[in-house]
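Read off the chains here:
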Amino acid sequence: MSPEWAILNGLVEPLQYAFMQRSLAVAILVGIICSVVGSYLMVQRLALLGDAISHSVLPGLAIAFWLGVNIFVGAFIAGVMSTVLIAWIHRRSPIKEDAAMGIVFSAFFALGITLITTIQKDTKIDLNHFLFGNILGVTLGDVRDTAIIAALVLLTVALLYKELLFYSFDPLGAQASGLPVGLLNSGLMVLIALTVVASMKVVGVILVLSLLIAPGATAYLLVPRLHQVMCLGAAIGVCSSVSGLYLSYYFNLPSGPAIVLVVSAWFALAFLFSPRHGVLTNPGRGVSLWPRWLGWGR
Amino acid sequence: MTPSAKIIVDHLSVNYRDVQALRNISFTVQPGHLVGIFGPNGAGKSTLIQAMLGLMPLVTGRVLYGDEELAHQLAQVAYVPQRSQIDWTFPATVWDVVMMGRVKKTGWLNRFSTASRQLAQQALGRVGMLEFRDRPIGALSGGQQQRVFLARALAQEAEIFCFDEPFVGVDQKTEAVIFQIFRELAEAGKIVLVVNHDLGESITNFDHLILLNKELIAAGPRPWVLTRENMARAYGGHITFFGHVA
């Protein structure tokens, strides 16, 4: 068997199993929506908010599981509640937004861990699967829910693209032109919460931030317009999540870390070699790699 | 709204984080004039514009355009914020930014029309930035960036134009281009409000001035406003005042 054939066989052969087909479908969908929605987080400097929402879904997930309701619904409600709570604390007190995020998401996360550890004793729920991802364990129901969320998210972004572009670039200008910026902002929060919920089983809540931010950030170093960042980011996201799936399958790794290592490698390549922004391809700026206090770069 | 309507600011007070930023401001702006809003740092110039457009809550007062609240007629408004409000590393090209001026008029779920594209094209031509349309905005000079924002405002086909410090970080050529277009807008019967702080020669470009320092010092034709007494009240007597420009 030639090496090319062996690699192809290694990729195709696992797909004879139904669980691998389900995992592949979810990996592709999650790779796309994380990158698209994450691009908004990146350009609005809201990366920490992505982290906050993802950690905050845990108690909702636990309560939904305990009640026997769809865990996606419970997780989504908790995620949205955390953003409302963060905005409320920020508005009604002198606490800054990043501090409010830190307080709320760690509280929600702690509550989630406590609840899951408690119900874990007499049910089959596994905390680790939600923290670090277990892509090989997705059910047909998960595939269906992920597909519905992906369709909803992508349709919304496509239909509101020009409004969201204006709002994320120049919120004051957008508001002054008569756009309902409060509504657009809430819509964006809902999209982020939906995306995080869809990604829980694939990357896990702790590492989902990476799949939200890194593909868009990688693409941002390579192309100049937001829709291009989203499309190229989606391609990078899909590559990474599918690679992660196979790494998980062959090496028995949790899927979250596997995916995150791949996507981080993509970012590192773009950071070093991007034609416009690369550290090695633009040596003039690369000097600053060495901290000034070490005496280099003078 | 009829194009000849005026803006009436009526007893406007605004708080900024529980501190009074503007106190009991009243004035009228007629179309056809180039109006400069002047005052020392922290006088509330930017706050005044934002409050007039309903971008921050009023404590008292109202702002009318014609017979209705201005804040309910934002489709008539083109606003360009201070350049420090903008993330210039945002992944957008000159064309993307100018087309933002057409978003509201295009409406939800609709695609940009050919007419909108032509308006954006013309606006870019008018500020001399057509050849830069595919450049990322981060690759432009400060003056070029400001001209792109002016083009966006022009593409909005507004009746009221509000600019917050449009001459900060801008080269002389751009300043001339911008003043020329402000002049043309005023002559076309538009309302043009410009927050500025430069008390040098360029102040002669404005027909009317609004002089602020938390409260209204004076509003009206430039020679009326630029008196020694008004300037001393606004700037606290520490200003070298160029009497000849009045």
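Whatever comes next refers back to the structure up there.
All of the points below concern the structure found in this document. Keep in mind it's a predicted model, so treat the numbers as computed, not measured.

1. Points about the overall build of chain A
Now for step 1: In terms of helices and strands, chain A carries 14 helices and zero strands.
Now for step 2: Starting at the N terminus, the α and β elements of chain A follow one another as α-α-α-α-α-α-α-α-α-α-α-α-α-α.
Now for step 3: Structurally, chain A occupies a C-alpha span of about 60 × 60 × 45 Å along its principal axes.
Now for step 4: Within the span of chain A, comprising 298 residues, buried residues form 48% of the whole.
Now for step 5: For chain A, the proportion of contacts with a sequence separation of at least 24, taken over those separated by at least 6, is 72%.

2. Focus on the sheet that holds strand E10 (residues 215–221) of chain B
All names here are of chain B.
Now for step 1: As summarised here, the arrangement of the six strands in space is E6-E7-E8-E3-E9-E10, forming an open sheet in which the pairing is mixed. Each edge of the open sheet carries a strand with a single partner, namely strand E6 (77–80) and E10. Strand-to-strand twist in this sheet, taken as the mean axis angle between neighbours without regard to direction, amounts to 15°.
Now for step 2: The sheet contacts of helix H8 (residues 228–235) involve strand E3 (34–38), strand E9 (208–213) and E10, and relative to E9 the element is tilted by about 40°.

3. A short note on helix H13 (residues 255–273) of chain A
Since the α-helix packs 3.6 residues into each turn, any two residues three or four apart lie on the same face.
Now for step 1: Under the 1.5 Å per step criterion, the end-to-end length of H13 of chain A is 27 Å for 19 residues, consistent within 8% with the ideal 27 Å.
Now for step 2: Taken residue by residue, H13 of chain A has Ser 255, Gly 256, Ala 258, Ile 259, Val 260, Val 262, Val 263 and Ala 270 of chain A as its buried positions.

4. With respect to the packing of aromatic side chains
Residues and elements named next belong to chain B.
Now for step 1: Overall, the coordinates contain 14 aromatic pairs over all chains when judged by the stated rule.
Now for step 2: Consider the rings of Phe 179 and Phe 182, whose centres lie 6.3 Å apart with planes at 85°: the pair is edge-to-face. You can see Phe 179 and its partner Phe 182 sitting in helix H6 (residues 172–187), three residues apart, about one turn around the helix.
Now for step 3: The residue whose ring lies beneath Arg 133 is Trp 95, and the NZ or CZ to ring-centre distance is 4.0 Å.

5. Side note on a nonpolar patch on the surface
Residue and element names in this part refer to chain A.
Now for step 1: Residues Ile 63, Trp 66, Leu 67, Val 69, Val 73, Ile 77 and Met 81 make up a contiguous nonpolar surface patch of about 720 Å² in total accessible area.
Now for step 2: At the level of elements, helix H3 (47–67) and helix H4 (71–92) are the ones that each hand at least two residues to the nonpolar patch.
Now for step 3: By the element assignment, Ile 77 lies in helix H4.

6. Digging into the pairing of strand E7 (residues 160–164) of chain B
Residue and element names in this part refer to chain B.
Now for step 1: In terms of burial, E7 is largely enclosed, as five of its five residues are buried.
Now for step 2: Where burial is concerned, the two faces of E7 agree: the one with Ile 160, Cys 162 and Asp 164 and the one with Phe 161 and Phe 163 are both buried.
Now for step 3: Across four bridges, the pairing between E6 and E7 is parallel. Across the sheet, Tyr 79 pairs through a bridge with Cys 162, a residue of E7.
Now for step 4: Here E7 pairs with strand E8 (residues 191–195) via five bridges, running parallel. Opposite Asp 164, over in E8, you have Val 195 as the bridge partner.
Now for step 5: Handedness of the E7-H6-E8 crossover: right-handed.

7. Some points on the sheet that holds strand E5 (residues 68–69) of chain B
All names here are of chain B.
Now for step 1: Strand order in this open sheet of four strands is E2-E1-E4-E5, and the pairing throughout is antiparallel. At either margin of the open sheet sits one strand with a lone partner, and together these are strand E2 (19–29) and E5.
Now for step 2: Both strand E4 (residues 60–65) and E5 contribute to a ladder of two bridges, which runs antiparallel. Bridging across to E5, Leu 64 finds its partner in Glu 69.

8. Details of the pairing of E4 of chain B
Residues and elements named next belong to chain B.
Now for step 1: By the bridge criterion, five bridges tie strand E1 (residues 7–16) to E4 in an arrangement that is antiparallel. Bridge pairing in E4 links Ser 13 to Thr 60.
Now for step 2: If you look at the hairpin formed by E4 and E5, you'll find two residues sitting between the two strands, and Gly 66 has a positive phi there, around 70°.

9. Some thoughts on the interface of chain B and chain A
Now for step 1: Taken together, the contacts link 34 residues of chain B with 26 residues of chain A.
Now for step 2: For the pair chain B and chain A, the two sides together bury roughly 2700 Å², of which 68% comes from carbon and sulfur.
Now for step 3: For the chain B face of the interface with chain A, the top three residues by lost area are Phe 90, Pro 91 and Trp 108 of chain B, together amounting to 26%.
Now for step 4: Of the charged contacts, one joins Asp 96 of chain B and Arg 225 of chain A as a salt bridge, the two residues approaching to 2.5 Å between their closest N and O atoms.
Now for step 5: Connecting chain B to chain A are nine residue pairs in polar contact (both at pLDDT 80 or more).

10. So, the nonpolar core
Now for step 1: Counting residues in each nonpolar core, the largest one holds 137 residues, and the members touching the most others are Leu 61 of chain A together with Phe 161, Phe 163, Phe 182 and Val 192 of chain B.
Now for step 2: In contact with Leu 61 of chain A, not counting residues within four places along its chain, are Ile 71, Gly 74, Ala 75, Ile 116, Ile 125, Phe 130 and Met 200 of chain A.
Now for step 3: Core analysis: the second largest hydrophobic core is formed by 34 residues, Leu 53, Val 63, Leu 70 and Cys 162 of chain B among them.

11. Describing H4 of chain A
Residue and element names in this part refer to chain A.
Now for step 1: For H4, with 22 residues, the first-to-last C-alpha span of 31 Å sits near the 32 Å given by 1.5 Å per residue.
Now for step 2: Considered for burial, the residues of H4 that qualify are Ile 71, Phe 72, Gly 74, Ala 75, Ala 78, Gly 79, Ser 82, Thr 83 and Ile 86.
Now for step 3: Where H4 is buried, its residues touch H3, helix H5 (97–120), helix H6 (127–132), helix H7 (140–159) and helix H10 (181–203).
Now for step 4: Its side-chain oxygen at 2.8 Å from the backbone nitrogen of Phe 72, Asn 70 defines the N-terminal cap of H4.

12. Section: the environment of Val 263 of chain A
Residue and element names in this part refer to chain A.
Now for step 1: Its place among the elements puts Val 263 in helix H13.
Now for step 2: What makes Val 263 buried here is its relative accessible area of 0%.
Now for step 3: Along the chain, Val 263 and Leu 221 lie 42 residues apart, while their C-alpha atoms are 14 Å from each other.
Now for step 4: When neighbours within four sequence positions are excluded, Val 263 is seen to be in contact with Ser 210, Ala 214, Pro 215, Ile 236 and Ser 240.

About the thresholds
- Residues numbered from 1 in each chain as written.
- Chains lettered and ligands numbered in written order.
- Predicted model: local features only at pLDDT ≥ 70, side-chain atom pairs only at ≥ 80, totals over all residues.
- Heavy atoms only, no water.
- Helix = DSSP H or I, 4+ residues; strand = E, 2+ residues; numbered from the N terminus.
- Buried < 20%, exposed > 50% of the residue type's maximum accessible area, 1.4 Å probe, protein only.
- Contact = heavy atoms within 4.5 Å.
- Pairing = 2+ DSSP bridges.
- Axes fitted to C-alpha atoms, helices over the stretch in contact; angles between N-to-C directions.
- Expected span 1.5 Å × (residues − 1).
- Phe/Tyr/Trp six-rings, centres within 6.5 Å; stacked < 30°, edge-to-face > 60°.
- Lys NZ or Arg CZ within 6 Å of the ring centre and 35° of its normal.
- Patch = residues over 30% accessible without salt bridge, like charges linked within 9 Å, V, L, I, M, F, W, Y side chains within 5 Å.
- Areas by Shrake-Rupley, 256 points an atom, 1.4 Å probe, with all protein chains shown as cover.
- Salt bridge = Lys/Arg side-chain N within 4 Å of Asp/Glu carboxyl O.
- Right-handed = clockwise from strand over helix to strand, strands pointing away.
- Buried area = accessible area lost by both parts, 1.4 Å probe.
- Polar contact = N/O pair within 3.5 Å; in protein donor to acceptor, adjacent residues only side chain to side chain.
- Core = buried A, V, L, I, M, F, W, Y, C linked by side-chain atoms within 4.5 Å.

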